[in-house]
Amino acid sequence: METGLLIIFAIFALGIVSGIPVAFVLGIAAVVGFLYEGLNPAVAFQQMTSGMSIFSLLAIPFFVFAGELMLHGGIARRLISVASSLFGWMRGGLGVVNVSTSMLFGGISGSAVADASALGTILIPAMKQRGYGTDYSVSVTVTSSIAGIMIPPSHNMILYSLAAGGGVSVSALFIAGFVPGLIMCLCLGIAAYVVAVKRGYPAEPFQGIRHILWTFIDALPGMLTAVIILGGVLSGIFTVTESAAFGTIWAILVTVLVYRSLSWDSFKICVAASVRTSAVVFLLVGTATAFAYLLALYRLPDLLTDGMLAISSNPIVILIMINVCLLLLGCVMDMAALILITTPIFLPVVMAIGMDPVQFGMVMMMNLGLGLTTPPVGAVLFVGCAIGKIPMEQIMKSILPFYAAILFALMLTTYIPAISLTLPKLLLGYTG
């Protein structure tokens, strides 16, 4: 059994180092593992099919499509206007505007990459034009985009629920993300302000209460997308999948009929991008399901739990070890793949020391979200650097205060259960 485990992990590591897409590496390792164990390889494909056939996964294409509509339909620009009217008057206010806009847009798109792409193309050139350093502009944009993962709706939370065996409520995960997401954005906003003041960046003139009200009214139809999605889930009127579908329909109506900013060509771009992203996610889900079946067959979660408890029975130490493992893995692998691979491994460990699975979901979202902003594989970091036209190595020093802010929020989320669990208990009657 130990030999089989070593074989599939060796194949996995070799495939990653060789640059083969993670979804294919997982599938190859799974098939080889089944063959080694003398099992019919058709079982691997049955596992893949069953993994992709879960109804709740239909919410993912809708969320992705809604995010693309926000990106190309003018909603992102209006959210920036709202945040700028509220915080632009502060010293270095555009940095705080960047963080607050990510919080607003993240609550609609649910995607860190979409957040960085949509807001970065507008805010990074605007910040550079007003005298902000390119390294600062990219650092703020990249790190604040994690808000799209934490603040619901987030398709990564759906993947976590799936990887946890479907026993973790997606609704509870959505609601649990609010407070950790707000704390993280608050920490990032403070970091952005402190660095901006230290560098002497300018403040924008205050344009008055009337301007704030006008920008809010203008952005309100787009912001209602998040209200429809979350309100439908909280009220029990819609399932998560139904809420995602109705939210997408509303986004189409707003961008086509209200703002009239979504052209036919842009609509086709949104559809094509959504299909590509959804296809990758579903293939990843299928191959990861087959791979997870082998991990369960080899009792890896039990072995890891026993190993960590042998090192220390102190929950603080165990959680530090898990966080470090996730941080290191997040530096070299994509977030969706890591959620699907590591959740079945680490969830039994944290539950053995008394951590609620919803709280661990928030820890995993923030931890792996940080990985999206770190070299060498951070997709969001690549997007930000490409938009800012700056080499990655030039922003590594200036991004450190923002990493520190996220790590501080991560520690609070890890060791204070009430941060993640209070809202689900109050609003949904969640009992764990």
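No experiment lies behind these values; they were computed from the predicted model shown. Position numbers for residues start from 1 in each chain and track the written sequence from start to end. Thresholds applied to this predicted model are a pLDDT of at least 70 for local features of residues and 80 or more for the giving and counting of side-chain atom pairs; totals over whole chains, interfaces and linings are not thresholded and use all residues. To obtain the side-chain values, all non-hydrogen atoms of the structure were used and water was disregarded.

K.L.:
Can you tell me about the overall build of the protein, naming the residues and giving the values?
P.N.:
Every helix listed is a DSSP run of H or I at least four residues long, and every strand listed is a run of E at least two residues long, numbered separately from the N terminus. Tallying secondary structure elements over the protein gives 22 helices and zero strands in all. Expected size for 432 residues packed as a compact globule is a radius of gyration near 22 Å; at 21 Å, the protein falls within 12% of this value. Dimensions of the protein along its principal axes, counting C-alpha atoms only, are 70 × 45 × 45 Å. With a 1.4 Å probe rolled over the protein chains alone, any residue whose accessible area is under 20% of its type maximum counts as buried; one over 50% counts as exposed, and the rest are partly exposed. Within the span of the protein, comprising 432 residues, buried residues form 55% of the whole. Contacts in the protein between residues at least 24 apart in sequence constitute 80% of all its contacts with a sequence separation of at least 6. For the charge count, each Lys or Arg is scored as positive and each Asp or Glu as negative, with His and the chain ends excluded. By convention, the charge on Lys lies at NZ, on Arg at CZ, on Asp at CG and on Glu at CD. Looking at the protein, you have 15 positive and 14 negative side-chain charges, and the mean spots of the two groups are 17 Å apart. As defined in this context, the radius of gyration uses C-alpha atoms, and a globule is described by 2.2 Å times the residue total to the power 0.38. By the convention used here, residues are in contact when the closest approach between their heavy atoms is within 4.5 Å.

K.L.:
Describe helix 13 (residues 209-235), and please don't skip the residues or the numbers.
P.N.:
If you check helix 13, its first and last C-alpha atoms are just 33 Å apart, much less than what 27 residues at 1.5 Å a residue would give, namely 39 Å. Maximal helix bending in helix 13 amounts to about 55 degrees, located at L220; proline P221 follows within four positions. Residues of helix 13 that are buried: I212, T215, A219, P221, G222, M223, T225, A226, I229, L230, G232 and V233. Following helix 13 by one or two positions, G236 adopts a phi angle in the positive range, close to 85 degrees. One fewer than the residue count of a helix, multiplied by 1.5 Å, yields its expected span. Here the bend at a residue is taken as the angle between two axes, fitted respectively to the seven residues that end there and the seven that start there.

K.L.:
An account of the layout of surface pockets is requested, with residue identities and associated values reported.
P.N.:
Here a cavity is any set of points on a 1 Å grid over the protein atoms alone where a 1.4 Å probe fits but cannot get out, and a pocket is any open set with protein on both sides within 12 Å along at least 5 of 7 lines; a residue lines the site when it has an atom within 4 Å of a point. Grid points are joined across faces, edges and corners, and a volume is the space filled by probe spheres set on the points. Space inside the second largest pocket adds up to approximately 320 Å³. Around the second largest pocket sit 18 residues that line it, and S84, L94, R130, E204 and Q207 are the ones nearest its centre. Sorting the residues of the lining of the second largest pocket by element identifies helix 5 (75-87), helix 6 (93-109), helix 7 (112-129) and helix 13 as the ones contributing at least two each. With four residues, helix 5 is the single largest residue contributor to the lining of the second largest pocket. Of the residues assigned to the lining of the second largest pocket, the class counts are nine nonpolar, seven polar and two charged. Ten residue types, Ala, Val, Leu, Ile, Met, Phe, Trp, Tyr, Cys and Pro, are classed as nonpolar, four, Asp, Glu, Lys and Arg, as charged, and the remainder, Gly among them, as polar.

K.L.:
An account of the packing of aromatic side chains is requested, with residue identities and associated values reported.
P.N.:
Geometry of aromatic contacts follows a simple scheme: Phe, Tyr and Trp rings, the Trp one being its six-membered ring, pair when their centres are within 6.5 Å, and the pair is stacked under 30 degrees between planes, edge-to-face over 60, tilted otherwise. On inspection of all chains with the given rule, the structure shows 10 aromatic pairs. Here the aromatic rings of W264 and F267 are separated by 5.6 Å at their centres, their planes lie at 20 degrees, and the arrangement is stacked. With W264 and F267 both in helix 15 (residues 264-297) and three residues apart, this pair spans about one turn of that helix. Taking the relative accessible area as the measure of exposure, W264 reaches 58% and is therefore exposed. Residue classification places F267 among the partly exposed residues on the basis of a relative accessible area of 23%. Through pairs of rings, three or more aromatic residues link up here, namely Y132, Y136, Y201 and F402. We count a charge as sitting over a ring when the NZ of a lysine or the CZ of an arginine lies within 6 Å of the ring centre and within 35 degrees of the ring normal. For R78, the ring lying beneath its charged end belongs to Y259, and the centroid distance is 3.6 Å.

K.L.:
Explain the packing of helix 8 (residues 134-144) against helix 20 (residues 379-388) to me, using residue names and the numbers behind them.
P.N.:
Between helix 8 and helix 20, the least distance of the axes is 9 Å, while the angle of their chain directions is 145 degrees. Remark: the crossing between helix 8 and helix 20 carries right-handed chirality. Where helix 8 abuts helix 20, its residues T134, V138 and V142 lie against V380, L381, G384, C385 and G388. Looking at the contact of helix 8 with helix 20 residue by residue, the classes come out as five nonpolar, three polar and no charged. Angles shown run from 0 to 180 degrees and are taken between the N-to-C directions of axes, each axis being a line fitted to C-alpha atoms and, for helices, limited to the stretch in contact. Handedness of a helix crossing follows the sense of rotation of the near helix relative to the far helix, less than a right angle counterclockwise being left-handed and clockwise being right-handed.

K.L.:
So what's going on with the packing of helix 10 (residues 155-163) against helix 19 (residues 357-371)? Which residues, and what values?
P.N.:
Running from amino to carboxyl end, helix 10 crosses helix 19 at an angle of 130 degrees, the nearest separation of the two axes being 11 Å. When the axes of helix 10 and helix 19 are compared, the pair comes out oblique. For the pair helix 10 and helix 19, the crossing hand works out as right-handed. Here N156, M157 and Y160 of helix 10 come into contact with helix 19, specifically with P357, F360, G361, M362, M364 and M365. Reported orientations rely on four angle classes, namely roughly parallel under 35 degrees, roughly antiparallel over 145, roughly perpendicular from 65 to 115, and oblique for the rest.

K.L.:
Help me get a handle on the confidence of the model for the protein, residues and values and all.
P.N.:
Here the protein averages 83 in pLDDT, and 96% of its residues register 70 or above. pLDDT: the predictor's confidence for each residue, scored from 0 to 100. Per-residue pLDDT, averaged within each element of the protein, yields its smallest value for helix 6 (73) and its largest for helix 21 (residues 400-415) (95).

K.L.:
Would you mind going over unusual backbone geometry in detail, with residue names and values included?
P.N.:
A positive phi is found at R260, a non-glycine position, where the angle reads about 55 degrees. Structurally, R260 is set in the loop between helix 14 (240-258) and helix 15. The phi dihedral of K389 falls on the positive side, at around 55 degrees, and the residue is not glycine. When you line up the elements, K389 lands in the loop between helix 20 and helix 21. You can call K389 exposed: its relative accessible area is 72%.

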